[in-house]
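Summary of the model geometry
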Amino acid sequence: MGRGRLRIHLGAAPGVGKTYAMLSEAHRRVERGTDCVVAFAEAHGRPRTEALLHGLERIPPRRTGHRGTVLTEMDLDAVLARRPRVALVDELAHTNAPGSRNAKRWQDVEELLAAGIDVLSTVNIQHLESLGDVVESITGVREAETVPDEVVRRADQIELVDMTPEALRRRMAHGNIHRPDEVDAALSNYFRPGNLTALRELALLWVADRVDAHLQRYRSEHRVSAIWGSRERIVVGLTGGPEGRTLLRRAARLAEKGAGGELLAVYISRSGELTAASPRELVEQRALVENLGGTFHHVVGDDIPADLLAFARGVNATQIVLGSSRRPAWQYVLGPGVGATVARDSGPDLDVHIVTHEEVAKGRGLPGARGARLGRSRRVWGWSVGVGGPAVLAVLLSAVDLGFANDMLLFLSLTVAAALLGGLWPALVSAAVGSLLLNYFYTPPLRHWSIADPKNIIGIMIFVAVGASVASVVDLAARRTHQAARLRAESEILSFLAGNVLRGETGLEDLLERVRETFGMESAALLERAGDVEPWTCAGRAGRGRPVERPEDADVEVPVGDHLALALTGRVPPAEDRRVLGAFAAQAAVVLDRRRLREQADRALALAEGNRIRTALLAAVSHDLRTPLAGIKAAVSSLRSEEVEWSPEDRAELLAGIEDGADRLDHLVGNLLDMSRLHTGTVTPLIRGIDLDEVVPKALGGVPEGSVVLDVPEALPMVAVDPGLLERAMANVIENAVKYSPPGLPVLVAASALADRVEVRVVDRGPGVPDEAKEDIFAPFQRHGDAPSGAGVGLGLAVARGFAEAMGGTLNAEDTPGGGLTMALTLRAAAAPPENPPAPAAAEPERQSS
């Protein structure tokens, strides 16, 4: 019997229903008459999963005692003895009890497969071994039970069991996954919407990679060279000319019309040269490709049409976009051109688009690449061997007679050595000198320049021809080797530009430092000026060489447009280095422009925010501050009136109104001052370690007694906060929750620890906030919905988030399962209690504010 087949139900997260899907598949197979048994399955107390176990044959589990606890494991021997056609084995990543034959359950499954038994199994994406670190960074939990990725990849079928985070949280809230007493903790920690979304993305990407690998393997095994249009992949052939930008934008529009379209740009350079195009043009086109969401590829080849088609078929492309030829009309007598050749050889499965542009028939306009030079020392040795070597050999051979044929071979070896060391010309000189010496010393009549035997004439002619041929081949090989080493170095440099710089990961000074180090210069500076007659200024500089005020003063000047120049001091690099220098200079200009655009955007945003704050502040002063002032003034005027005799009850009521108005003014002015401090950047938290139970109770001073339930365990780690700012932030959040919570339903304030963080959750059962408005409620002067008059100016939550972020924490709004809003305040856990705690923060308020 052959090996069994493995089908895995891969869960995007715990509770999505992978065990349910496995049992449903088993019922379908039993209905078809397949012999299926449940080798091991965990229902976890879920009624619907338990119901599916009925009607299926179950192998009794093996019970093992360990440290006073009875553990249940799959009875592998019993399953092998039963030999069903299909066995159901839940939780593939499970670790078996000590003393079991195999340490892991997936090893048990391997034995079942080896015995010819098909297996249906389950595993969650977070249990894959390669994703352990990623999952821990997302959830804060390190999965102890993992399964090697290769075990899952070898499965004959993988079925993804998925569910949206919202639906999974609803299942959790309804008690379909955990016990009711575990629901709140699970929703607050592992089952957060962000965690579930990230796990879902991991699962989808992992399965998509496997599907793509299966497709590529199938095409390879079946030798499928035809293009399968499973998705639109559009290849753009670039020449490095100015028409490239037009082609890329046209191709991007084509890609947008198809679902999942991909854009791939390819530049093909001939072997032996890095590029015959403008380096700046290629850098700009590479940046444009990445901005359009595509990828840039550099391919080396001598047959451009064939290499372009090979690349397109290799990536399973469906369309190729090329520009109309820039060659003059007379050059078509030399051949049909790249576009016509690609269109002719593309076949029926690959569409070719020829796009017109402004550079049609205007000539190539591209500088040719120069051949790589050999080093100076090699050329000196080459000329020495080529000129002096034959003379020295002639002196040595004068003392011994080896025969004309051997003498000729020795002179030929000198010619090859000269080619290896110095290239073509030293070898040709060596061949000429060697032939003359052979004629004079070794062909009759000796010591004469004439040759008596015609056979010797033919031999010397063959010697010269072979020497010249070998010299040219060796010279070409030596130059190609040198060029290959240089191309590798230049490709690494350009890869740095394409990777780091174009993604905005490198600043201007870092880029200039890279230029200085790469070319061994003393200093590198980017100079600019506003106009043709304006003085030059330094936009950025790296290195300790002499300062350069003008490009003319530098050892190397690389202009970038009319008003920018890259100035280098130290040495004069060879001419071929200027290609890469041009790319660096062009990218330096792009980095400078990006930095200035970012600064302008930041300034514009700050101005717009300041204007909005000022407008809202005027509105608050004109309305929300006037109302309590008017009430206070009316009450005071009434008390001072001599025309009315107030009873003690009326006098007490008026005084209470005055006190209430003063409290409202105190809250409003306090929040206005706090928001002003946040926007001016004058909030300086004094961080120290403190227990939450020392701060949270103080934040309840502004809410009615009994309106809040505290759940702050004493075993929580200390938090690194400013106690005053934390108290103010908690007071604002709690007062906001109490304000919107229905009567009789107290607000829950619960705290828990998660990895190196401590989270405080303020849970209310009020009307809640829709998802699209959850960020708006943290904006200054924003009140959600129909907030009643006197509910404040909408600063409480803005101040709370500002104080939380100033302390290195976060404050976010989430839905409360069953209705309401939950505010999640995440704080950094203190590493250890300080030995000498600092004095209380100067910013610590003397009152609570909302």
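A count of helices and strands for the protein chain gives 23 helices and 24 strands. The proportion of buried residues among the 850 residues of the protein chain is 46%. When contacts within the protein chain are restricted to residue pairs at least 6 apart in sequence, those whose partners lie at least 24 apart make up 71%. Carbon and sulfur atoms make up 55% of the accessible area of the protein chain, which totals about 43,000 Å².

Moving on, we get to the sheet that holds strand β23 (residues 810-815). Pairing is mixed across the open sheet formed by five strands, whose spatial order is β19-β21-β22-β24-β23. Bordering the open sheet on either side are β19 (708-711) and β23, each of which pairs with just one other strand. Neighbour-to-neighbour, the strand axes of the sheet open up by a mean angle of 20°, direction not taken into account. Pairing of β23 with strand β24 (residues 821-828), which is carried by six bridges, proceeds in the antiparallel orientation. The partner of Leu811 across the bridge, within β24, is Leu825.

The residue Gln285 is located in helix α11 (residues 279-291) in this model. By relative accessible area, Gln285 is classed as buried at 0%. The residues contacting Gln285, other than those within four sequence positions of it, are Leu238, Gly240, Gly241, Gly244, Arg245 and Leu248.

Time to look at the environment of Val464. Tracing the sequence through the fold places Val464 in helix α17 (residues 454-501). The class for Val464 is partly exposed, based on a relative accessible area of 31%. C-alpha separation for the pair Val464 and Ala432, spaced 32 residues apart in sequence, amounts to 6.9 Å. Ignoring anything within four residues of it in the chain, the contact list for Val464 reads Ala431 and Ser435.

Okay, the packing of aromatic side chains next. Summed over all chains, the structure comprises zero aromatic pairs. The positively charged end of Arg801 is found above the aromatic ring belonging to Phe778, 3.9 Å away from the centroid.

Turning our attention to helix α1 (residues 18-31). The first and last C-alpha atoms of α1 sit 20 Å apart over 14 residues, in line with the 20 Å expected at 1.5 Å per residue. Of the residues making up α1, those classed as buried are Lys18, Thr19, Ala21, Met22, Leu23, Ser24, Glu25, Ala26 and Arg29. Phi turns positive one or two residues past the end of α1, at Gly33, with a value near 95°.

With that out of the way, let us pick up the sheet that holds strand β15 (residues 537-543). Spatial ordering of the open sheet is given by β15-β14-β17-β16, a layout of four strands whose pairing is antiparallel. Each having just a single partner strand, β15 and β16 (556-560) make up the two edges of the open sheet. Each neighbouring strand pair of the sheet contributes to a mean axis angle of 15°, computed without reference to strand direction. Direction of pairing for β16 relative to strand β17 (residues 564-569): antiparallel, over a ladder of five bridges. Bridged to Val558 within β17 is Leu566.

Here Leu308 is to be found in helix α12 (residues 304-314). The exposure class of Leu308 is buried, given its relative accessible area of 3%. Residues Leu308 and Tyr267, 41 residues apart in the sequence, show an inter-C-alpha distance of 8.8 Å. Among residues more than four places away in sequence, those in contact with Leu308 are Val235, Gly237, Val266, Ile268, Ile320, Leu322 and Val342.

Turning to the pattern of salt bridges, a few remarks are in order. If you walk through the whole model with that rule in mind, you get 27 salt bridges. Notably, a salt bridge pairs Arg85 with Asp118, separated by 3.1 Å at the nearest N-O pair. Of this pair, Arg85 sits in the loop between α3 (76-82) and β6 (86-89) while Asp118 sits in strand β7 (residues 118-124), and the two are 33 residues apart along the sequence. Accessibility expressed as a relative area gives 44% for Arg85, which makes it partly exposed. Overall, the relative accessible area of 10% leaves Asp118 in the buried class. Across the salt bridge formed by Arg761 and Glu814, the nearest N and O atoms sit 2.8 Å from each other.

Scoring rules and cut-offs
- Residues numbered from 1 in each chain as written.
- Predicted model: local features only at pLDDT ≥ 70, side-chain atom pairs only at ≥ 80, totals over all residues.
- Heavy atoms only, no water.
- Helix = DSSP H or I, 4+ residues; strand = E, 2+ residues; numbered from the N terminus.
- Buried < 20%, exposed > 50% of the residue type's maximum accessible area, 1.4 Å probe, protein only.
- Contact = heavy atoms within 4.5 Å.
- Areas by Shrake-Rupley, 256 points an atom, 1.4 Å probe, with all protein chains shown as cover.
- Pairing = 2+ DSSP bridges.
- Axes fitted to C-alpha atoms, helices over the stretch in contact; angles between N-to-C directions.
- Phe/Tyr/Trp six-rings, centres within 6.5 Å; stacked < 30°, edge-to-face > 60°.
- Lys NZ or Arg CZ within 6 Å of the ring centre and 35° of its normal.
- Expected span 1.5 Å × (residues − 1).
- Salt bridge = Lys/Arg side-chain N within 4 Å of Asp/Glu carboxyl O.

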